[in-house]
Amino acid sequence: MAEGEVTGHKHRITEGNAELYEKDSTLYLRVFSESALLAHEEHKAISIPQGDWIVKIQREYEPQGWRYVAD
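All of these numbers come straight from a predicted model, not from anything done at the bench.

Parameters and conventions
Residues numbered from 1 in each chain as written. Predicted model: local features only at pLDDT ≥ 70, side-chain atom pairs only at ≥ 80, totals over all residues. Heavy atoms only, no water. Core = buried A, V, L, I, M, F, W, Y, C linked by side-chain atoms within 4.5 Å. Buried < 20%, exposed > 50% of the residue type's maximum accessible area, 1.4 Å probe, protein only. Helix = DSSP H or I, 4+ residues; strand = E, 2+ residues; numbered from the N terminus. Salt bridge = Lys/Arg side-chain N within 4 Å of Asp/Glu carboxyl O.

### Re the nonpolar core
Line of reasoning, step 1. Counting five residues, the largest nonpolar core is built from L29, V31, A36, L38 and I48.
Line of reasoning, step 2. Ranked by residues supplied to this core, first place goes to strand β4 (residues 26–40) with four residues.

### Topic: the environment of I13
Line of reasoning, step 1. Along the polypeptide, I13 turns up in strand β2 (residues 10–15).
Line of reasoning, step 2. Placed 25 residues apart in sequence, I13 and L38 show a C-alpha to C-alpha distance of 4.6 Å.

### Some points on the pattern of salt bridges
Line of reasoning, step 1. In this structure the tally under the stated criterion is two salt bridges.
Line of reasoning, step 2. For the salt bridge of R30 with E19, the shortest nitrogen-to-oxygen distance reads 3.7 Å. Linking R30 in strand β4 with E19 in strand β3 (residues 18–23), this pair joins segments that are eleven residues apart in sequence.
Line of reasoning, step 3. Overall, the relative accessible area of 28% leaves R30 in the partly exposed class.
Line of reasoning, step 4. The salt bridge partner of R30 is D52, with a shortest N-O separation of 2.6 Å. Of the two residues, R30 is situated in strand β4 and D52 in strand β5 (residues 43–54); the sequence distance between them amounts to 22 residues.
Line of reasoning, step 5. Judged by relative accessible area, which is 45%, D52 ranks as partly exposed.

Encoded structure:
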């Protein structure tokens, strides 16, 4: 799905049937199977239930303002 900007590690679906698509400049993940497993090398895998999901880049607050989290 997405490659980490710093480490090069990737978020990817390792189990289940899902697709990534873009509509109106928004990124979505559609899970067709009962669930899909989202894996990453640096944290525990996440089970995502069937359905359509908006994909967002996580942000965190710093005194200078908001910044996108970099893997």
